[in-house]
Every structure is written in C-alpha cells, then in structure tokens.
Amino acid sequence: MAKLLIVDDSTMLRDMLNYALNEGGYTDVVEAFDGVDGLKKAQEQTFDLIISDINMPNMDGLTLIKELRKLP
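The present account deals with the structure reproduced in this document.

Conventions used here
- Residues numbered from 1 in each chain as written.
- Predicted model: local features only at pLDDT ≥ 70, side-chain atom pairs only at ≥ 80, totals over all residues.
- Heavy atoms only, no water.
- Helix = DSSP H or I, 4+ residues; strand = E, 2+ residues; numbered from the N terminus.
- Rg over C-alpha atoms; globule rule 2.2 N^0.38 Å.
- Buried < 20%, exposed > 50% of the residue type's maximum accessible area, 1.4 Å probe, protein only.
- Contact = heavy atoms within 4.5 Å.
- Areas by Shrake-Rupley, 256 points an atom, 1.4 Å probe, with all protein chains shown as cover.
- Lys, Arg positive; Asp, Glu negative; His and termini not counted.
- Charge placed at Lys NZ, Arg CZ, Asp CG, Glu CD.
- Salt bridge = Lys/Arg side-chain N within 4 Å of Asp/Glu carboxyl O.

### Quick word on the overall build of the chain
Scanning the chain for helices and strands turns up three helices and three strands. When the helices and strands of the chain are placed in sequence order, the string is β-α-β-α-β-α. For 72 residues, the compact-globule formula gives about 11 Å, and the C-alpha radius of gyration of the chain, at 12 Å, lands near that figure. Each of the 72 residues in the chain was classed as buried or not, and the buried ones make up 33%. Within the chain, counting contacts between residues at least 6 apart in sequence, those at least 24 apart form 62% of the total. Summed over all atoms, the accessible surface of the chain reaches about 4600 Å², with 55% contributed by carbon and sulfur. Across the chain, the centroid of the 7 positively charged side chains sits 8 Å from that of the 13 negatively charged ones.

Here it is, written out as structure tokens:
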C-alpha cells in the first residue's frame, strides 16, 4: 500500500484527512504540522503521495514543494 504524508498546520484537518484515508484503506499515513516538519519527514522517509496545505507558518506549502524538488 502507498505511504502518504499529510502536511497541515490544522490538527482538525490532519485528523479528518487521516480518518478519510484510513477508511479508504490507506493505513500508512504520516502527519506533519508545518512545512519545516514535512520537509524533515520527507528527508527521512520516502512517500508515494504528499498532501499539503498552502498557507502554513514557518514554511508555506509552495516553499515546501520547491524544497522537496531538490531532494534526490
């Protein structure tokens, strides 16, 4: 099954997405609370899909995407 990363500063949205994905059979879901945390987790593990908010503190979603593109 696919490994997914949810990046969002809203705990409620992360919980709702995680629940919906679990109901859809995706049980390998990792959560990050902002772009910095998401980038750190993406550097440590490989994900098949990353779902990210755009407007977040510390590092927004667009900057996260730019940084992810630099990863090997």
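Picking up after the structure, the text goes on.
### With respect to the pattern of salt bridges
By the definition in use, this model includes four salt bridges. In this structure, the salt-bridge partner of Lys40 is Glu44, at a minimum N-O distance of 3.6 Å. Placement of both Lys40 and Glu44 in helix H2 (residues 35-44) is noted, with a separation of four residues, approximately one turn of the helix. Accessibility expressed as a relative area gives 48% for Lys40, which makes it partly exposed. Judged by relative accessible area, which is 52%, Glu44 ranks as exposed. The salt bridge partner of Glu67 is Lys70, with a shortest N-O separation of 3.2 Å.

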